[in-house]
Amino acid sequence: MKKREFSEMMKPALLFLILAALVGCTNVTGDTPRTISPQTGESLSTEHLFSVANTFFSEMGYACSTDAEAEQFRCSRALRDLYIHQTTAEVKIYPGDEEDNTHRIIATRWDEGLIPGELIANTYANDDVEAFCAYLVGEKIAVCSDYEG
């Protein structure tokens with residue numbers, strides 16, 4: 001086989017490898033959405049909840065930020081950071097119903113990289129959100145329940 005023939009045969013294979021490396025896969029799955037409600041007879045301000053959440057999740061290794069205009073609190077933390085694949089946990093809290101002074105908390109997991117979605121679990125439960133909900137109850141700040149909406 002001549003050198004030129006081999007080179008021509010390798011072009012499609014090389015192109016495929018380059019595209020596979022650049023494209024990758026992105027998969028998102030979420031935990032059960034929850035409602036955060038003030039304890040009986042109490043009020044729960046958005047600012048206070050965001051402050052408590054910021055302290056709690058920052059201590060758990062999350063990078064957190066608050067968007068005051070959108071009234072949204074967001075944290076993220078790398079769960080896996082490999083050369084070919086990254087996994088990130090994300091937690092968002094935002095106001096729900098003004099009538100009953102509730103908030104929503106949603107946790108998601110983002111997988112990006114070269115590991116196909118078929119090899120990644122499609123269920124997700126964020127233990128940190130569960131611990132945050134237990135903390136809110138223990139501090140008599142609020143209670144969490146599964147979102148029914």
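The model shown is predicted, which means the values in this text are computed figures rather than measured ones.

Novice: Help me understand unusual backbone geometry in this model?
Specialist: Peptide bonds are mostly trans, and most non-glycine residues show a negative phi. In this model, lysine 140 sits at a positive phi of 55 degrees, which is unusual for a non-glycine residue. Along the chain, lysine 140 falls in the loop between α3 (127-138) and β7 (142-146). We classify lysine 140 as exposed; its relative accessible area is 62%.

Novice: Sorry, what's going on with the pattern of salt bridges here?
Specialist: Working definition: two side chains of opposite charge can pair if their charged atoms are close together. Counted according to the given criterion, the structure contains seven salt bridges. Measuring nitrogen to oxygen at the nearest pair gives 2.9 Å for the salt bridge that ties glutamate 130 to arginine 34. Taken together, the positions of glutamate 130 in helix α3 and arginine 34 in strand β2 (residues 34-38) put the pair 96 residues apart, joining distant regions of the chain. Given the relative accessible area of 46%, glutamate 130 is considered partly exposed. Residue classification places arginine 34 among the buried positions, given a relative accessible area of 11%. A salt bridge links aspartate 111 to arginine 80; the nearest nitrogen and oxygen atoms lie 3.3 Å apart. Remark: arginine 80 occurs in strand β4 (residues 72-81) and aspartate 111 occurs in strand β6 (residues 103-113); sequence separation between them is 31 residues. Look at arginine 80 and you get partly exposed, because its relative accessible area is 33%.

Novice: Got a minute to help me understand the packing of aromatic side chains in this structure?
Specialist: Aromatic rings considered in pairs are described by the distance between their centres and by the relative angle of their planes. The full count for this structure, using the stated rule, is six aromatic pairs. On the basis of an interplanar angle of 85 degrees and a centroid distance of 5.3 Å, the ring pair of phenylalanine 56 and phenylalanine 57 is categorised as edge-to-face. On the basis of relative accessible area, phenylalanine 57 is assigned to the buried category, the value being 0%. Three or more aromatic residues link up through ring pairs in this structure, and these residues are Phe56, Phe57, Tyr62, Phe132 and Tyr135.

Novice: How do you make sense of a nonpolar patch on the surface when you look at a structure like this?
Specialist: The grouping of Leu82, Tyr83 and Ile84 at the surface amounts to a nonpolar patch, some 390 Å² of accessible area in total. Tracing the backbone through its elements, the reader meets tyrosine 83 in the loop between β4 and β5 (85-95).

Novice: In this structure, what is going on with the state of the cysteines? I would like to understand it.
Specialist: Here, disulfide denotes a covalent bond that connects the sulfur atoms of two cysteines. Inspection of every chain in the model, using the stated rule, returns two disulfides. Between the sulfur of cysteine 64 and that of cysteine 75 lies a disulfide, 2.0 Å long from S to S. One quick way to see it: the torsion about the S-S bond of cysteine 64 and cysteine 75 is about 110 degrees, and its sign makes the bridge right-handed. In this pair, cysteine 64 is assigned in strand β3 (residues 63-67) and cysteine 75 in strand β4, connecting sequence segments 11 residues apart. Under the relative-accessibility criterion, cysteine 64 is labelled partly exposed at 23%. Note on cysteine connectivity: cysteine 133 is disulfide-linked to cysteine 144, with sulfurs 2.2 Å apart. When the S-S torsion is -85 degrees, as for the bridge of cysteine 133 with cysteine 144, the disulfide is left-handed. Of the two residues, cysteine 133 is situated in helix α3 and cysteine 144 in strand β7; the sequence distance between them amounts to 11 residues. With its disulfide-bonded cysteines labelled consecutively along the sequence, the protein chain is connected as 1-2, 3-4.

How each quantity is defined
- Residues numbered from 1 in each chain as written.
- Predicted model: local features only at pLDDT ≥ 70, side-chain atom pairs only at ≥ 80, totals over all residues.
- Heavy atoms only, no water.
- Helix = DSSP H or I, 4+ residues; strand = E, 2+ residues; numbered from the N terminus.
- Buried < 20%, exposed > 50% of the residue type's maximum accessible area, 1.4 Å probe, protein only.
- Salt bridge = Lys/Arg side-chain N within 4 Å of Asp/Glu carboxyl O.
- Phe/Tyr/Trp six-rings, centres within 6.5 Å; stacked < 30°, edge-to-face > 60°.
- Patch = residues over 30% accessible without salt bridge, like charges linked within 9 Å, V, L, I, M, F, W, Y side chains within 5 Å.
- Areas by Shrake-Rupley, 256 points an atom, 1.4 Å probe, with all protein chains shown as cover.
- Disulfide = S-S within 2.5 Å.

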